[in-house]
Amino acid sequence: MYSLCPKKNMDNFINRDVLLLSISMGFKIILLGPPGSGKGTQAEKLNDDLGLIRLSTGDMLREAVRDKTELGKMAKEYMDKGALVPDNVVIGLMKERITSLKEGFVLDGFPRTVQQADALCEFVDVDHVINLDVDDEELVSRLTARRSCPDCNVVYHLLYKPPMKDDTCDKCGATLYHRSDDTETTVRARLKVYRDSTFPLIEYYEKKGILVNVDGKGNIQEIYEAIEDSL
Ligand code: AP5
């Protein structure tokens, strides 16, 4: 007698092949969600697993701060307070990166305002917007115990996703650091900025019919599978 499982597995293979084909043809995804909701964590998995290029405005701005460029010096003043860097600066930065890409990509941290979203749709058509939903107290506890890699940008959590060796990145061996905007006071300021400026994007993309809500609490792998299923 035949079991149903092989058929299900075969369907999974076909679905995955279709997914990989779509991605190689240039799938474009936005990860939305408050600070600490897991955008970076899930974007890294989408990159590792499906080859989507991860574009994180936060990582780009932190790199500019480290390199002490003019952009970095200006951005630091906003980032240290948990405020948003001005729209025109971030839009210019992302337009240059996105329009030079032929491959599929995932946006982590952009757009963050309606003005940024309006600008984005003038230079690219996005296929999916995934909104990660997590409550504030969980976000504060995640961010205050986060450790980040300055070189490859992988993120860890002291309890939920600890590095194998203390303060050392599993992927590239660099020394991990605690982001200066991950103190409780600045995290709460970032959450307020999120509610005032970024939260309206949920309705913005709902109206376009491309938003999917994913519960961002719980096991990191299960959240990833829910994202993959929604694509
Ligand atoms: P940015 O770096 O984009 O910060 P953010 O949006 O505040 O998001 P985070 O990086 O803090 O969190 P995340 O959602 O990526 O979560 P993560 O996966 O790391 O921006 C920083 C600043 O740059 C902004 O404040 C602003 O000044 C400026 N900026 C950036 N973009 C801008 C824009 N477009 N316009 C204007 N200004 C801009 O996870 C967090 C922690 O939780 C980690 O420790 C992780 O290991 C852990 N974790 C993840 N998932 C789970 C889970 N399921 N369970 C338990 N722990 C988990």
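Residues numbered from 1 in each chain as written. Predicted model: local features only at pLDDT ≥ 70, side-chain atom pairs only at ≥ 80, totals over all residues. Heavy atoms only, no water.

Enquirer: Quick question: what am I supposed to make of the overall build of the protein chain here?
Expert: Looking only at helices and strands, the protein chain has 10 helices and 7 strands in total. The C-alpha atoms of the protein chain give 18 Å as radius of gyration, which agrees with the globular expectation for 231 residues (17 Å, within 12%). With respect to the three principal axes, the spread of C-alpha positions in the protein chain is 65 × 45 × 30 Å. Going through the 231 residues of the protein chain one by one, you find that 45% of them count as buried. Contacts in the protein chain between residues far apart in sequence, at least 24 positions, make up 71% of those at least 6 positions apart. Total accessible area on the protein chain is roughly 12500 Å²; 53% of this is exposed by carbon and sulfur atoms. (Helix = DSSP H or I, 4+ residues; strand = E, 2+ residues; numbered from the N terminus. Rg over C-alpha atoms; globule rule 2.2 N^0.38 Å. Buried < 20%, exposed > 50% of the residue type's maximum accessible area, 1.4 Å probe, protein only. Contact = heavy atoms within 4.5 Å. Areas by Shrake-Rupley, 256 points an atom, 1.4 Å probe, with all protein chains shown as cover.)

Enquirer: What should I look at first to understand the site of the ligand in this one?
Expert: Residues in close proximity to the ligand total 35 residues, the closest being Thr 41, Ala 83, Arg 112, Arg 146 and Arg 190. One of the side-chain N or O atoms of Gln 116 is found 2.9 Å from a nitrogen atom in the ligand. Listed by contribution, the elements that provide at least two residues to the shell around the ligand are α2 (39-50), α3 (57-66), α7 (136-144), β6 (155-157) and α10 (220-230). Considering every element that reaches the shell around the ligand, the biggest residue donor is α3, with 4 residues. Classifying every residue of the shell around the ligand by side-chain character gives 15 nonpolar, 12 polar and 8 charged. (Near = heavy atom within 4 Å. Polar contact = N/O pair within 3.5 Å; in protein donor to acceptor, adjacent residues only side chain to side chain. Nonpolar A, V, L, I, M, F, W, Y, C, P; charged D, E, K, R; others polar.)

Enquirer: Mind showing me how you'd approach the environment of Leu 101 here?
Expert: Structurally, the position occupied by Leu 101 is in the loop between α5 (87-99) and β3 (105-108). Along the backbone, Leu 101 and Gly 26 are 75 residues apart, and their C-alpha atoms lie at a distance of 9.0 Å. Setting aside its immediate chain neighbours within four residues, Leu 101 contacts Ile 53 and Leu 55.

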